[in-house]
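Structural overview
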Amino acid sequence: MSAVVFEGIWKKFRRGERHDSLRDLVPALARGLARRRRPLDLAEQEFWAVRDVSFEVGPGEALGIIGPNGAGKSTILKLLTKILRPTRGRIEMRGRVGALIEVAAGFHPDLTGRENVYLQGAIMGMTRAEIARKFDAIVDFSGVEAFIDTPVKRYSSGMNARLGFAIAASLDPDILLIDEVLSVGDVGFQEKCVARMRELLARGVPLVFVSHNLAAVVDLCTRAILVEQGTVRFDGRPAETVAEFRRGRRGAEARVRPAADQVHITDVQLLRADGEASPLFHTGQAMRIQVHYRAPQPVRAPHVAIDIHGVDGLYCAGINTRMDDCALGTLEGEGRVELVIPRLNLLPGSYTISAGILDAQGLRPLDLQSHAYPFSVASERKDFGVVYLEHHWRHDARSAAASAEADAGAPVASRPRRRPVEVVGAGGARK
Amino acid sequence: MLSWKAMNNLREVVAEQWEYRELLVRMTARDLLLRYKQTVMGFGWAIFMPLVNTAIFSVIFTRVAAIDVGMPYPVYAFCGLVAWNFFSSALRFSVTSLTSNPSLVTKVYFPREIFPFSAVLVSLVDFAVSSLVLVALMWWYHVAPGWPLLMLPLVVLSLVIFTAATALLLAMGNLFYRDVKYLFEIVIAFWMFATSVVYPIGRIGGRLGLLLTLNPMTHIIDAFRAVILEGRAPNPAFAITTAASIVAFVGAWLLFHAAEFEFAENL
């Protein structure tokens, strides 16, 4: 039995201004009386934000919804939370719905953090006793203990969001809806959020996740749908859906960027050590990035560049053939350039790859695809930051005997004996 | 057929409201807390406003155009103003209750009635506070209530139900048409003088008098005064008003519920 049933949903919206004053009411009423429209007819200025979308999400399933801006993703989520009612179709939600959406919407700036926890908790459907029981855990999760009795108008936007998220995360929902919360807070906080989602998912709570963070969708979801112009374009495994989305987006961009008779990137593939194309990698394992190109006309001595950015925009690495003195010769026809990274020393997180073909001087991009290829890294390593530094530890301590000797006025020249301790890092190699 | 569906809807909205009862209390507490924090006088305002009005009307109706109300005029006026202030302030909060919380209305789901209902509850707390002053005034002027005071809860309930019905309609109306807020200010000013708040409206005769008997607030405030100050049971008109208020309340709630899903799109 599916916990979430979204069946044949249509949702109509109106473009532009609607009548907001009584002045416009009279003509609107007259029009309404003149002809009664059937629900599936579109009047002037109306359009379908969602057209015949259906899906079901069962226990332990996580459905990702991806698509370009304005495709109808947020409308679907608002329909799921009952804020909007479908023009046509049937929605069923079995059990308590927890929505990690607008987690701080109920906050009042003049109330303290503590007061707002109770208010927002009630808005999310928790009882007073339940909030009181979870209060310490909420405050602890949010990391704003020191300011809990300060009015939230003095909070930074990050603190605001963290407190709101902490309240939402403390819910024990039967269904979880998430909209782009992974953009909240710093990396440490995001990890806590993802951990909480996984915990709920592992407990069998069905999850609907709307995001632009494709790597996170691949990472978290068991299934994903691609929504474009209000309809489901693709429905399948997350990696397939993400690939389909990227293919569509590149198609749309190719028309505006390099002309068809110029050299251009046709595809970029990210391969794991085992040769499987996947957006999921492990710290310390190999990664191969293949840049496929087509050069209708010969291009003399171009360069290929790869950049890696964190989702927060941090520039993690920039590599190109020019700096590495790697000559590609003349490109003509189709081919591919492969960058092999024997050990990927990035720590867990979400990243994007930009790929470009530059001219012989390495100055002018002939084709550039910025942040077009997301991937994520997982690892058992608990290091902080974005990069894994190969390391080991040493500990030098004087022995008790040596220091006693020193205190007793031993010759200055006598050095304390070293007692080396070596703790070698696990090296990140994990299989 | 239609009433069967309406009954079903009614059961649904009442059940949902019950489910969210804690939120209603929270939202009410929020507004009271905010007022306490944001104003120096806090609840003092609940007492101050009717007192100022009582002083003004006492001067007018005992010195300028003296009228006989059968008891010390300040008690008469204050009693009427306490009930009227509850009504008008509850409505004033309700009118903008949906439009002043856009982030909640467009982003989070819970029964929207909570906004106008909590506005009514906040005013009810003010009403209770200013009633204490009424008790003090009655003691000062030696006006003693009789056994009909036992009917006070019924009168207050009737007042609350009529206020809540109006509050639902106004909150909803203002969401769709912002003119309602301005229209309300004009209507409420006229309405006070068409109600027996500071003078007995029953003395107006003729066709105008007949028209004014249709005003439900007159019967409710008359009943309020009857059980507290005059030591008599309310007029039969009060019973009719109460019955009509209950019908209006149910109707307003069902209408509100039907329109509720359009709110997010129209804010």
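The rules behind each value
Residues numbered from 1 in each chain as written. Chains lettered and ligands numbered in written order. Predicted model: local features only at pLDDT ≥ 70, side-chain atom pairs only at ≥ 80, totals over all residues. Helix = DSSP H or I, 4+ residues; strand = E, 2+ residues; numbered from the N terminus. Rg over C-alpha atoms; globule rule 2.2 N^0.38 Å. Contact = placed C-beta atoms within 7 Å. Nonpolar A, V, L, I, M, F, W, Y, C, P; charged D, E, K, R; others polar. Core = buried A, V, L, I, M, F, W, Y, C linked by C-beta atoms within 7 Å. Buried ≥ 20, exposed ≤ 12 C-beta atoms within 10 Å, placed from the backbone. Domains from an automatic or database assignment. Axes fitted to C-alpha atoms, helices over the stretch in contact; angles between N-to-C directions. Parallel < 35°, antiparallel > 145°, perpendicular 65-115°, else oblique. Left-handed = near helix turned anticlockwise from the far one by under 90°. Pairing = 2+ DSSP bridges. pLDDT = per-residue confidence, 0-100. Expected span 1.5 Å × (residues − 1).

This next bit is on the overall build of chain B. Looking only at helices and strands, chain B has 12 helices and zero strands in total. Secondary structure elements in chain B, listed N-terminal to C-terminal, are α-α-α-α-α-α-α-α-α-α-α-α. Radius of gyration (C-alpha) of chain B: 19 Å, near the 18 Å computed for a compact globule of 267 residues. For the C-alpha atoms alone, the extent of chain B along its principal axes is close to 55 × 50 × 35 Å. When contacts within chain B are restricted to residue pairs at least 6 apart in sequence, long-range pairs at least 24 apart make up 80% of them.

With that settled, consider the interface of chain A and chain B. The interface is formed by 24 residues belonging to chain A together with 22 residues belonging to chain B. Only α1 (22-34) and α3 (113-123) of chain A provide two or more residues apiece to the side of chain A that touches chain B. Counting residues per element, the side of chain A that touches chain B draws most heavily on α3 of chain A, at five residues. When its residues are assigned to classes, the side of chain A that touches chain B shows 11 nonpolar, five polar and eight charged.

Okay, the environment of V208 of chain A next. Looking at the secondary structure, you find V208 of chain A in strand β7 (residues 207-210). As for V208 of chain A and V57 of chain A, which are separated by 151 residues in sequence, their C-alpha atoms are 7.8 Å apart.

As a further point, take the nonpolar core. Nonpolar side chains in soluble globular proteins generally cluster together in the buried interior. Ranked by internal contacts, the top residues of the largest apolar core, which has 172 residues, are L177 and F209 of chain A. Broken down by element, this core gets its largest block of residues, 16 residues, from helix α4 (residues 73-95) of chain B. Split by domain, the residues of this core number at least three in each of domain 1 (4-28 + 41-241) and domain 2 (258-378) of chain A. Each residue touching L177 of chain A, except ones within four places of it in the same chain, is listed here: L77, L80, T81, V97, A99, L100, I101 and V208 of chain A.

The next subject is the packing of helix α3 (residues 44-64) of chain B against helix α6 (residues 114-140) of chain B. All names here are of chain B. Relative orientation of the contacting elements α3 and α6 amounts to 55 degrees, with a least axis distance of 8 Å. One finds that α3 runs oblique with respect to α6. Relative to α6, the crossing made by α3 is right-handed. Across the interface between the two elements, A46, I47, P50 and L51 from α3 touch D126, V129, S130 and V133 from α6. Here the contact of α3 with α6 is composed, by residue class, of six nonpolar, one polar and one charged.

What follows concerns the pairing of β7 of chain A. The side chains of a regular strand alternate, residue by residue, between the two faces of the sheet. All names here are of chain A. Residues L207 and F209 line one face of β7 and the alternating positions V208 and V210 line the opposite face, and both faces are buried. With four bridges joining them, strand β6 (residues 175-179) and β7 adopt parallel strand pairing. When the sheet's bridge partners are listed, L177 is paired in β7 with V208.

All names here are of chain A. Taken in spatial order, the three strands of this open sheet run β10-β12-β15, and their pairing is antiparallel. Here the strands that pair on one side only, and so sit at the sheet edges, are β10 (264-272) and β15 (330-341). Taken over all neighbouring pairs, the strand axes of this sheet differ in orientation by 20 degrees on average, direction set aside. In this structure, strand β12 (residues 287-300) lies alongside β15, joined through 11 bridges in antiparallel fashion. From the neighbouring strand, R300 faces β15, where its bridge partner is T330.

Turning our eyes to something else, we now look at the sheet that holds strand β1 (residues 4-14) of chain A. Residues and elements named next belong to chain A. The strand order across the open sheet built from three strands is β2-β1-β4, with neighbouring strands paired in antiparallel fashion. Bordering the open sheet on either side are β2 (46-57) and β4 (88-93), each of which pairs with just one other strand. Across the sheet, the mean angle from the axis of one strand to that of its neighbour is 25 degrees, orientation sign disregarded. With eight bridges connecting them, β1 and β2 associate as antiparallel partners. By the bridge assignment, F13 is partnered in β2 with F47. Here helix α2 (residues 73-80) sits on the sheet in contact with β1, β2 and β4, set at roughly 65 degrees to β2.

Another point: the confidence of the model for chain B. Residues and elements named next belong to chain B. Here chain B shows a mean pLDDT of 90. Residues at 70 or above account for 99%. Looking across chain B, the model is least confident in helix α12 (residues 263-266), with a mean pLDDT of 81, and most confident in helix α7 (residues 152-176), with 95. If you check the scores for this complex, the pTM reads 0.72 and the ipTM reads 0.82.

Attention shifts here to α3 of chain A. All names here are of chain A. Along α3, 10 of the 11 residues are buried, which leaves the element largely enclosed by surrounding structure. Residues G113, E115, N116, V117, Y118, L119, Q120, G121, A122 and I123 constitute the buried set of α3. Among the residues trailing α3, G125 stands out with phi positive, at a value near 95 degrees.

Residue and element names in this part refer to chain B. The end-to-end C-alpha separation of α3 is 29 Å, in line with the 30 Å expected for 21 residues at 1.5 Å each. Among all positions of α3, only A46, P50, T54 and F57 are buried. The elements touched by buried residues of α3 are α4 and α6.

Bringing the packing of helix α2 (residues 21-38) of chain B against α6 of chain B into the picture now. All names here are of chain B. Packing of α2 against α6 leaves a shortest axis separation of 9 Å and a crossing angle of 55 degrees. It follows that α2 is oblique to α6 by the angle criterion. Here α2 runs over α6; the crossing is right-handed. Taking contact as the criterion, the partners of L23, L24, M27, T28, D31 and L32 in α2 are, on α6, I114, F117, S118, L121, V122 and V125. Residue classes in the contact of α2 with α6 are distributed as nine nonpolar, two polar and one charged.

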